[in-house]
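# Coordinate inspection notes
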Amino acid sequence: MRVSRDKVNKVAHAIADTLATLDEVDFIEDRNTIRLEVRKILEDLLNQEARIDQAARLKIESQKRTILEGSQEWDILYRKYYNEEVKKLGA
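The following refers to the structure shown. Bear in mind the structure is a predicted one, so any value in this text is a computation, not a measurement. (Residues numbered from 1 in each chain as written. Predicted model: local features only at pLDDT ≥ 70, side-chain atom pairs only at ≥ 80, totals over all residues. Heavy atoms only, no water.)

### Re the environment of isoleucine 34
For isoleucine 34, the location among the structural elements is in helix H2 (residues 31-61). With sequence-adjacent residues up to four places away left out, isoleucine 34 is seen in contact with Ala16, Phe27 and Glu29. (Helix = DSSP H or I, 4+ residues; strand = E, 2+ residues; numbered from the N terminus. Contact = heavy atoms within 4.5 Å.)

### Remarks on the packing of aromatic side chains
The tally for this structure, following the rule as stated, stands at two aromatic pairs. Taking the centre distance of 5.1 Å and the plane angle of 10° together, the rings of tryptophan 74 and tyrosine 78 count as stacked. Of this pair, tryptophan 74 and tyrosine 78 both sit in helix H3 (residues 72-88), four residues apart, roughly one helical turn. Overall, the relative accessible area of 16% leaves tyrosine 78 in the buried class. An angle of 35° between the planes, with centres 5.7 Å apart, marks the rings of tyrosine 78 and tyrosine 82 as tilted. Note that tyrosine 78 and tyrosine 82 are positioned in helix H3 at a spacing of four residues, about one turn of the helix. Aromatic ring contacts, followed pair by pair, group Trp74, Tyr78 and Tyr82 into a single cluster. (Phe/Tyr/Trp six-rings, centres within 6.5 Å; stacked < 30°, edge-to-face > 60°. Buried < 20%, exposed > 50% of the residue type's maximum accessible area, 1.4 Å probe, protein only.)

Set out below in structure tokens:
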């Protein structure tokens, strides 16, 4: 899934702001440092998801016959290969 940098920043702001309201959480860094770290984590997760998606698509494309995206067979194979890639990462 492609998410704009602006949207990732908005989510990171919302997470940092929410954490700041929790009594159980004490920041040892300033809120902006926390927001930047949250943004980095989100971007890493989104990049990882894009790599998994690409690997699953490449496996489908490498089949001997053409499988049309959107077909039931494509959807089943995509889920199967996507889950295999996730398992490789240990997630």
